[in-house]
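Notes for the structure review
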Amino acid sequence: MKVAIFQYNIAWENPSSNLQKIENELAKMGKDGADLLVLPEMFSTGFSMTPQGIAETKDGNTMQTIKRLSKAYDMAICGSFAATQEGKYFNRGFFVTPDGNCQFRDKKHLFSIGKEVESYSAGESKEIISYKGWNIRLLICYDLRFPVWARNQENEYDLLIYTANWPTARISSWDVLLPARAVENEAYVCGCNRIGEDGMGFAHVGHSAIYDYKGACILNFEPDQEAIKTIELNKEGLDRFRSKFPAYKDADKFALL
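Residues numbered from 1 in each chain as written. Predicted model: local features only at pLDDT ≥ 70, side-chain atom pairs only at ≥ 80, totals over all residues. Heavy atoms only, no water.

This part takes up the sheet that holds strand E8 (residues 159–163). Strand order in this open sheet of 6 strands is E6-E7-E8-E9-E12-E13, and the pairing throughout is mixed. At either end of the open sheet lies a strand with only one pairing partner, and these are strand E6 (129–131) and strand E13 (217–220). Direction aside, the axes of adjacent strands within the sheet are offset by 20° on average. Relative to E13, strand E12 (residues 209–211) is paired through 3 bridges, and the arrangement is antiparallel. When the bridges of E13 are listed, Ala209 appears paired with Asn220. (Pairing = 2+ DSSP bridges. Helix = DSSP H or I, 4+ residues; strand = E, 2+ residues; numbered from the N terminus. Axes fitted to C-alpha atoms, helices over the stretch in contact; angles between N-to-C directions.)

As structure tokens, then:
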């Protein structure tokens, strides 16, 4: 499966500008550019704590545009956006496929230090997404710090995706935790982060990357680089490694309460 990461400077609380940027980049890529495009957390607005002015329903313009682009370029698209549902707000992860199917996974761990918990409600869903013969888990930014939530029990997923607005001040943790999740879960791990300064004055350097199941970095970006980068992931290689080194069989059994 060919996976693309779009690392870019998100225009603050400006969905139309960000959606147009994505559409422009996809036009350059063309239909054969990738099977899956990964976007940053709150890709259309930035990590804003004022959802009242930016949140949309799952059928709003943002998701309608993503569905249109997914179909037009024959690729799945994932990321997260500020969502509203039944009077609540969510940092909502999405995975849209070219046939129009949309799956949503709300952020589980809200960043209380940044007062996210005061603006958004936490999600609980952890179902696996199936796409092109791959099993995929989609998590959001701060979720990266909590390995139990990401634990790959009985190899239930092959690719773990983190969509993020991870600030420069803590980027060293991002660089450590992404390969750690790959090694402990025997899976590919993809982290898509933004660049640039957000509307609250926090800087972001990017460091988007993909790690293989041994923790080796197989795709990365220069600091502050705005670009789409693509790589082909090898499922057969992953399966062979798991067969030769089945550490998952010795893992602790547990249930999340």
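This paragraph deals with the packing of aromatic side chains. Tallying each qualifying case throughout the model produces 11 aromatic pairs. For Lys108, the ring lying beneath its charged end belongs to Trp149, and the centroid distance is 5.2 Å. Over the ring of Trp149 we find Arg137; its NZ or CZ atom is 5.1 Å from the centre of that ring. (Phe/Tyr/Trp six-rings, centres within 6.5 Å; stacked < 30°, edge-to-face > 60°. Lys NZ or Arg CZ within 6 Å of the ring centre and 35° of its normal.)

Before going further, it helps to spend a moment on the nonpolar core. Leu36, Ile136, Leu159 and Ile161 are the most contacted members of the largest nonpolar core, which totals 27 residues. Apart from residues lying up to four places away in sequence, Leu159 is in contact with Met1, Leu36, Trp134, Asn135, Ile136, Arg137, Tyr188, Val189, Cys190 and Leu233. (Core = buried A, V, L, I, M, F, W, Y, C linked by side-chain atoms within 4.5 Å. Buried < 20%, exposed > 50% of the residue type's maximum accessible area, 1.4 Å probe, protein only. Contact = heavy atoms within 4.5 Å.)

Once that is clear, we can look at helix H5 (residues 171–185). Taking 1.5 Å of rise per residue, 15 residues should cover 21 Å, and H5 covers 22 Å from first to last C-alpha, within 8% of that figure. Turning to H5, its buried residues number three or more, namely Ile171, Trp174, Leu177, Leu178, Pro179, Arg181, Ala182 and Asn185. Residues of H5 that are buried sit in contact with helix H4 (147–150), E8, strand E9 (188–192), strand E11 (203–205), E12 and helix H6 (235–244). (Expected span 1.5 Å × (residues − 1).)

On to the environment of Ala76, then. If you trace the backbone, Ala76 turns up in strand E3 (residues 76–85). Using a relative accessible area of 0% as the deciding quantity, one classes Ala76 as buried. For the pair Ala76 and Leu37, spaced 39 residues apart in the sequence, the C-alpha separation amounts to 6.2 Å. Setting aside residues up to four positions removed in sequence, Ala76 forms contacts with Asp35, Leu36, Leu37, Ser70, Phe95, Val96, Thr97, Pro98 and Tyr131.

Chemically, a disulfide is nothing more than a covalent bond linking the sulfur atoms of two cysteines. Per the counting criterion, the structure on display carries 0 disulfides. Left without a disulfide partner, Cys78 is nearest to the cysteine sulfur of Cys190, which lies 7.1 Å away. Exposure remark for Cys78: the relative accessible area of 0% places this residue in the buried category. Residue Cys192 stays outside any disulfide, its sulfur separated by 6.5 Å from that of Cys190, the closest cysteine. (Disulfide = S-S within 2.5 Å.)

Following the sequence through the fold, Val96 ends up in strand E4 (residues 88–96). Put simply, Val96 and Arg68 are 28 residues apart on the chain and 9.8 Å apart in space, counted from C-alpha to C-alpha. For Val96, the residues in contact, after removing those within four places along its chain, are Met63, Ile66, Lys67, Ser70, Met75, Ala76, Ile77, Asn101 and Cys102.

End to end, helix H2 (residues 61–73) covers 18 Å across 13 residues, agreeing with the expected 18 Å (1.5 Å per residue, within 8%). Among the residues of H2, those classed as buried are Thr62, Met63, Thr65, Ile66, Leu69, Ser70 and Tyr73. For H2, the angular spread of the buried residues around the axis is 155°, confining them to a single face. Facing away from the buried side of H2, by more than 90 degrees, are the exposed residues Asn61 and Lys71. Check the buried side of H2 and you find it contacts helix H1 (15–29), E3, E4 and strand E5 (102–106). Just beyond H2, the residue with positive phi is Asp74, at close to 50°. (Arc of directions from axis to C-beta.)

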